[in-house]
Structures are given as C-alpha cells and as structure tokens.
Amino acid sequence: MTAIDFHKLAKIELHCHLDGSLSLSTIRHLAELAQIDLPEDDEELKQHVTAPVTCESLLEYLESFDYIRPLLQTNEALTIAAYDVAKQAALENVIYIEVRFAPELSMDKGLTVTETIDAVCQGLRQAQEEFGIIAKALVCGMRQSDQSLTARILDEANQVRDSDFVGFDFAGDELNYGPAAIKPIIEQVKSYNRPMTFHAGECGCPAFLAESIAMGIKRNGHATILAQEPELLDEFVKNGVTGELCLTSNLQTKAAVTVNDFPYLKMKAAGANITINTDNRTVSDTNLTKEYELYHKYFDSTVQDFYAHNKTAIEASFASDEEKEELLARLAKAYS
Ligand SMILES: [Zn+2]
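What comes next is a walk through the structure. As a convention, each chain's residues are numbered from 1 in the sequence order in which they are written. Under the rules for a predicted model, residues below a pLDDT of 70 receive no local features and side-chain atom pairs below 80 are neither given nor counted, while totals for whole chains, interfaces and linings still include all residues.

**Some thoughts on the pairing of strand E7 (residues 242-245)**
Burial is judged by counting the other C-beta atoms within 10 Å of a residue's own C-beta: 20 or more makes it buried, 12 or fewer makes it exposed, and any count in between marks it as partly exposed, with every C-beta position built from the backbone. Secondary structure elements follow DSSP: runs of H or I no shorter than four residues count as helices, runs of E no shorter than two count as strands, and numbering proceeds from the N terminus. A two-sided burial pattern is seen for E7, the buried positions comprising Thr242 and Glu244 on one face and Gly243 and Leu245 on the other. Bridge count between strand E6 (residues 219-222) and E7: 3 bridges; the pairing is parallel. Along E7, the bridge assignment pairs Arg219 with Thr242. Traced from E6 through helix H9 (residues 230-238) to E7, the parallel crossover comes out right-handed. The pairing criterion is simple: DSSP has to find at least two bridges between the two strands. Bridge analysis of E7 against strand E8 (residues 273-276) gives 4 bridges, and the strand direction is parallel. Bridge pairing links Gly243 to Ile274 in E8. By convention, a crossover is right-handed whenever its connection, traced from the first strand over the helix to the second and viewed with the strands pointing away, goes clockwise.

**Looking at helix H12 (residues 288-299)**
Between its first and last C-alpha atoms H12 spans 16 Å; for 12 residues at 1.5 Å apiece the expected length is 16 Å, and the two agree. Every buried residue of H12 is listed here: Leu288, Glu291, Tyr292 and Tyr295. In a view along the axis of H12, the buried residues occupy a sector of 100°, so they form one face of it. Residues of H12 that are buried make contact with strand E1 (11-17), strand E2 (94-101), helix H10 (247-253), helix H11 (264-269), E8 and helix H13 (303-316). Just past H12, the residue Asp300 takes up positive phi, approximately 60°. Here the expected span of a helix is defined as 1.5 Å times the quantity of residues minus one. The arc under discussion is defined with respect to the helix axis, by the directions toward the C-beta atoms. C-beta atoms are placed from the backbone for every residue, and two residues are taken to be in contact when these atoms lie within 7 Å.

**Remarks on the pairing of strand E3 (residues 134-142)**
Burial analysis of E3 places 8 of its 9 residues in the buried class, which makes it a mostly covered element. Note that E2 and E3 share 6 bridges and pair parallel. Among the inter-strand pairings, Phe101 is bridged to a residue of E3, identified as Val139. Viewed along the sheet, the connection from E2 through helix H5 (residues 113-131) into E3 turns out right-handed. Pairing of E3 with strand E4 (residues 165-171) involves 6 bridges; the strand directions are parallel. Bridged to Ala137 within E4 is Phe165.

**Re helix H7 (residues 183-191)**
Three or more residues of H7 are buried, namely Ile185, Ile186 and Val189. What you see down the axis of H7 is that its buried residues fit within an arc of 105°, all on one side. Projecting away from the buried face of H7 at angles above 90 degrees are the exposed residues Pro184, Glu187 and Ser191.

**Points about the sheet that holds E6**
By way of backbone hydrogen bonds, the strands of a sheet pair with one another, either parallel or antiparallel. The 4 strands are arranged E5-E6-E7-E8 in an open sheet whose pairing can be described as parallel. Among the strands making up the open sheet, the edge pair consists of strand E5 (198-200) and E8. Looking at each pair of strands side by side, their axes are set apart by 30° on average, direction ignored. Helix axes are fitted to C-alpha atoms over the stretch in contact, other axes to C-alpha atoms as well, and angles between N-to-C directions run from 0 to 180 degrees.

Encoded structure:
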C-alpha cells in the first residue's frame, strides 16, 4: 500500500475563521501597518496567537483572538488578511473555501459593516485570481454581544449583494448564549432567506444542537456532542444536517476530551453528512493537510472517505449551482 499524499489531495473547507487563521508573516505585516509592536521572536509571537494544546475551555481558546483584533481595523488590513487565508488554503490544494468573519470585531475605528465585507471579498477575489481557488465570505454575528447591535450589523450585512459573500453564521460564546438565548437574531437571519450555518454542540450541551436542528438550520459547526448522543445523531441524520467537524480545535477546547469523544466514527456509521475543517489555522496550529493526516491516523480514513467528505462539503456549501458543478467535476478528476 502506498502512503497517501495528504497535501496533494484536493480539499474543500467550509469552516475557517479569518482572524484565527492568519499566517505569522501576515500578522507581522498587519502590525506594521497598524503601528503595533509585536515580540521579535516568532516563537514568542506564536504563543500569543496560538491557543494552548489543551485549554481549560472554549473561552480560554477564544482569548487568542483578542491579540489579532487591533490588527484588523482597516479596509487594507481586511483585504490583506482575507487574501492570506485563501492563499494558505490554495497552497495546500484546497479548491474551495468559505472564510467567516465578524464585522463587529473590525469596527473599532469606524469601518462600516459594508466596508468590512467589501474589503474581505476583495482579498478573497485577489487569491481567486492568483491561485484558482474559489473563496467565499460568511458573516458571523457574535452571540455574546449586545443583541440590538448584532441585529443592526446583520441587517446591514444583508443589504450587501456580492456574489462572494454567501451566508451567515453565529460564533463566540455558545455556553452562555445558546440558540434559545439569541433566538430573535437567528429568526432575523432566517428571514433573509439566505444560507446560514450555526455553531452548536461544541460546549457539551446537547439541547443547543437539538434547538439548532429544530430551528431548521441545515449546517452545523462542530456537532461534537453527537459522540455522546445517539438519539440526537438520529435527528441530525433524519434532518439532513451537515456537520462541519474540527478535530484539532475540539481537542484543544476539550469539546472532545480524547479522540474517542469526537463524533466522526459514529457519524460515519450513522450515514451523517461529514465535512473536515480547520476552524482556525493559526489558533489551532493546523491546516487541512494536518487534519486529514489525523483522521487517517486515528480513524483509518481512506482516500475514498476524503473524496466522499469533500463531495458532501460541495453539496452543503453556499456556492452557486454552477460553481458546485464545476467543483464536483474538479474533485472527480482529482480523485480519479
Ligand atoms: Zn468555529
């Protein structure tokens, strides 16, 4: 049996946060532009922007993002950042990526919601032109923020019509702000009739994932809790929900305390829709190639499994029908 070249495999990524995925060189570039001093030593810098291998909780993991926030406060910075993340993905043979970001976190110095989306889409387009990757933006509402602010941000985002801005998500503190707590803003986004995904099942609360499914949300970030909840897994499958799995991130945040607490094998056995993602390339010190290696190592995933998960990812993606067709053809060729 020949070894699998994980780098060379064509890949699709649906769950990748912009601010958690910047390369160190881009972080340095952005700090220079923002006139912010950083540690000169790369190892020291890495300690600030990468979460510990095991965190106390999701909240400790989220602290690494505070370091990046001041760097992403101009149009130029957002464009550079979006380009950087899509480029990193393209260079490891990701042919389609959805990069998500929260406009709210880039509005400290007066940028409008529309400006943040335009800037991110511009960076993604630069990478598309240069590397042939198809790269799309998702807008996140922050669940722990003031809900009237979030409502206003999401409404302004919904005014933006750009073929590279394709959907919505809610990110941040799931534990204290589950779906019921933010129901009005979820309903608001649903009323846009635009694609939507949702972080749920990352903090050990089965009820949150159950509520998300009951609200009719068809894509789910993490779904980690399914490892412990066979009945919920049945619901997940029955409703045709697609899981955006993030292994390294889950082990860090202790969403999965060990590999056995990760739902992949149970989801696979139940015929659930599975996709493989990084969550945060820098905060989790990973990339999609490393994630595939881990699935192969821990779960014996084969090339055929990766092909199936990538087909699932294209089908669940927020790309246009034409783009999906093109991507499925590219994928079939790459795996033939
Ligand atoms: Zn996430």
